[in-house]
Amino acid sequence: MNLNITQGDLSQVNLAFYIANVSQLDKTIFSPEEFEFVSNKIESSPDNWICINQYSRLIYIYRYKKHVPGNHLFLESSRKAGANLGEALNKEKQENVAINAFGHDLLLAEGLLLGNYKYLKYLSDKEKNTPSLQNASFSNCSKEELQEVINLGESVMFSRDLVNTPVIDLNPTDLANEAKRSSKANGFKVEVFDKKKIESLKMAGLLAVNAGSIDPPAFIIMEHKPENAKNEKPIILVGKGVVYDTGGLSLKPSNFMDTMKSDMGGAAAVIGTMQAIASNNINKHVIGLVPSTDNRPGGNAVTPDDVITYANGKSVEIKNTDAEGRLILADALIYAQKYDPELVIDLATLTGAAAYAIGKYGIVAMGDAEDNAWNKLKTSGKNSYERIVEFPFWEEYDELLKSDIADLKNLGPRDAGAITAGKFLSNFTDYPYIHLDIAGPAFVDANDGYIKKGGTGVGVRLLYDFLKNY
Ligand code: BES
Ligand code: ZN
Ligand code: ZN
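Residues numbered from 1 in each chain as written. Chains lettered and ligands numbered in written order. Predicted model: local features only at pLDDT ≥ 70, side-chain atom pairs only at ≥ 80, totals over all residues. Heavy atoms only, no water.

> Mind showing me how you'd approach the packing of aromatic side chains here?
The geometry of an aromatic ring pair is captured by two quantities: the separation of the ring centres and the angle between the planes. Counted under the stated rule, the structure contains 16 aromatic pairs. Plain terms: the ring middles of F193 and Y335 are 5.8 Å apart, the flat faces sit at 80° to each other, and that makes the pair edge-to-face. With F193 in strand 7 (residues 189-193) and Y335 in helix 11 (residues 325-336), this pair connects stretches of sequence that are 142 residues apart. Ring plane angle 10° and centroid distance 5.9 Å describe the contact between W394 and Y397, whose orientation is recorded as stacked. Of the residues examined, W394 reaches a relative accessible area of 55% and is grouped as exposed. The exposure class assigned to Y397 is buried, which follows from its relative accessible area of 16%. Here the aromatic residues Y18, W49, Y62, Y64 and F74 are joined through ring pairs into a cluster of three or more. The aromatic ring of Y470 is capped on one face by K376, whose charged end is 5.7 Å from the ring centroid. The ring of Y385 has R387 lying over it, and the distance from NZ or CZ to the ring centre is 4.1 Å. (Phe/Tyr/Trp six-rings, centres within 6.5 Å; stacked < 30°, edge-to-face > 60°. Helix = DSSP H or I, 4+ residues; strand = E, 2+ residues; numbered from the N terminus. Buried < 20%, exposed > 50% of the residue type's maximum accessible area, 1.4 Å probe, protein only. Lys NZ or Arg CZ within 6 Å of the ring centre and 35° of its normal.)

Structure representation (structure tokens):
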């Protein structure tokens, strides 16, 4: 773990307080001059960390201005305060801090933990690049609550690590092994179908996208089924696991290709969510499905104009090999039918159109699930600040995917590109369904609070909140 978080341990040197007003502070830890300074400063500059340097220790104080209980903007600014505190301590090369956030401790812990994340795998001098902050203790929450936050944070960072790892070290088999490793450590089940099994199941999309590859595909099945599961039928999560998307023969121009190691962001979110719900013993029966391959040109690569036929008999004319995500997700959505699920949610870095529409600030969502599921998911979006925005799913869009020679084609017009991608997928569902396009927020080019440059692990905190409260 990049940061050791404990409950109640006050042996740390530095202190931090997250308060609504000055009367919450223990005057005796300050000199009268210091207290005067703090009182004035937090009045004139609220919603900021201010720092008192007592030479033997630093004391940080943050006074927030507005607190509407449960308001998602307050939740988020508290997480950000946690991340900003970590940043300030790291800047000062500090190793520890004891925090009292007067009941908002879990939010600060979440922000502090995720904000201290750094992807170190390939750096030769790991020590020099490791954030200095190593220990943080929180006094105003229970051990159990804190452990839940730690487990969730670890799962998000696991997901980030997967996204940040380039394809040279993360082919479909590696991805499956990571899922297995996590399953052993956290107590969920994993089964991996190899190429032979995938062929026998006639997973036509996965095989077509994989045809130009040297590495074989994998189909990963994860299951968390606790004895006290509240749901009779499982909830299924499906994640796009394209470990690299060159576009295939419809090759991407090079300035669009880099960062495409992140095209397994949906898979990383599903695997991370399985870890989060298993490590925290969430009482829901959940299945995770991940079809995985790279997408690259090769001697045998699938071509535009090829037609493939799925296990359910549906034929698809491939007009663009770069619209590969929907091809492999279709196999997983067909496979999901055999579980008679209560609800299926897929996560995929599916279209540039989704990112163009709303940027990195949220998740583009669509589907035909009933209002209850939608409302719960939207609420979880606010709780986690992994916000979702529902796009229309009108039947007129279906027209745009008609093929001259097959049941369907994999490419629509440029307009409404995120929606036609979702529409394509819904052709393979026979259950309540929600599609989440995470192309915008899955991989970002700048640090922002507790979200760090690179893979973000988006989806894990959203789905964890959703499954816990469902
Ligand atoms: N993986 C990409 C989508 C993507 C683009 C994710 C940018 C993250 C950032 C996907 O496979 C793709 O190439 N989509 C095409 C679809 C088009 C050919 C219909 C796209 O969005 O351009
Ligand atoms: Zn593509
Ligand atoms: Zn892709």
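That shown, we press on.
> What's the story with the coordination of the zinc ion (ligand 3) in this structure? I'm lost.
Octahedral metal centres with six donors ideally show angles of 90 or 180 degrees, and tetrahedral centres with four donors ideally show 109.5 degrees. At the metal site, the zinc ion (ligand 3) is ligated by K240 (NZ), D245 (OD), D263 (OD) and E324 (OE), and these contacts range over 1.9 to 2.4 Å. Bound by 6 donor atoms, the zinc ion (ligand 3) shows angles of 78 to 173° at the metal and therefore octahedral coordination geometry. The distance between the zinc ion (ligand 3) and the zinc ion (ligand 2) comes to 3.2 Å, and D245 binds to both of them. In this pair, D245 is assigned in strand 10 (residues 241-245) and E324 in the loop between strand 13 (315-317) and helix 11, connecting sequence segments 79 residues apart. Each member of the pair, D245 as well as E324, carries the same accessibility label: buried. (Donors = N, O, S within 2.8 Å, 3.2 Å for Na, K, Ca; no water. Tetrahedral: all angles 85-135°; square planar, octahedral: opposite > 155°, others 65-115°.)

> Honestly, the pattern of salt bridges in this entry has me stumped. Any pointers?
Pairs can form between side chains of opposite charge whenever their charged atoms are close. For the structure shown, the criterion picks out 19 salt bridges. Note that R63 and E43 form a salt bridge whose closest N and O atoms lie 3.7 Å from each other. With R63 in strand 4 (residues 58-63) and E43 in helix 1 (residues 32-44), this residue pair connects regions lying 20 residues apart in the sequence. Judged by its relative accessible area of 10%, R63 is buried. Linking E178 and R181 is a salt bridge whose minimum nitrogen-to-oxygen distance equals 2.7 Å. In this pair, E178 and R181 both sit in helix 6 (residues 172-186), 3 residues apart, roughly one turn of the helix. The class for E178 is partly exposed, based on a relative accessible area of 24%. (Salt bridge = Lys/Arg side-chain N within 4 Å of Asp/Glu carboxyl O.)

> Help me out: how do you make sense of the sheet that holds strand 4 in this one?
What holds strands together in a sheet is hydrogen bonding between their backbones, with the strands either parallel or antiparallel. Spatial strand order, 1-6-5-2-4-3: 6 strands in an open sheet with mixed pairing. Because the sheet does not close on itself, it has two edges, and the strands there are strand 1 (4-7) and strand 3 (49-53). Averaged over all adjacent pairs, the angle separating strand axes in this sheet is 20°, with direction ignored. Across the sheet, helix 1 is in contact with strand 2 (15-19), strand 3 and strand 4; its angle to strand 3 comes to roughly 165°. (Pairing = 2+ DSSP bridges. Axes fitted to C-alpha atoms, helices over the stretch in contact; angles between N-to-C directions. Contact = heavy atoms within 4.5 Å.)

> Can you walk me through the domain arrangement of the chain in this structure?
How big an interface is tends to be stated in terms of accessible area lost as the parts join. Each domain of the chain was delimited in the assignment, giving domain 1 (4-141) and domain 2 (151-469). Domain 1 and domain 2 are separated by 36 Å when their C-alpha centres are compared. Taken residue by residue, the interface counts 16 residues in domain 1 and 19 residues in domain 2. Together domain 1 and domain 2 conceal approximately 1,700 Å² of surface at their shared face, both sides included; 63% is due to carbon and sulfur atoms. When residues of domain 1 are sorted by the area they lose upon contact with domain 2, H72, L114 and Y117 head the list and together hold 38% of the total. A salt bridge links R461 to E110; its shortest N-O distance comes to 2.7 Å. At the surface where domain 1 touches domain 2, the tally comes to 9 residue pairs in polar contact (both at pLDDT 80 or more). At the level of elements, helix 2 (72-91) and helix 3 (105-115) are the ones that each hand at least two residues to the side of domain 1 that touches domain 2. (Domains from an automatic or database assignment. Buried area = accessible area lost by both parts, 1.4 Å probe. Polar contact = N/O pair within 3.5 Å; in protein donor to acceptor, adjacent residues only side chain to side chain.)

> Which parts of the structure should I look at to understand the coordination of the zinc ion (ligand 2)?
The protein atoms that coordinate the zinc ion (ligand 2) are D245 (OD), D322 (O), D322 (OD) and E324 (OE), at distances of 2.0 to 2.2 Å. Within one chain, the residues donating to the zinc ion (ligand 2) are spaced in sequence as D-x76-D-x1-E.

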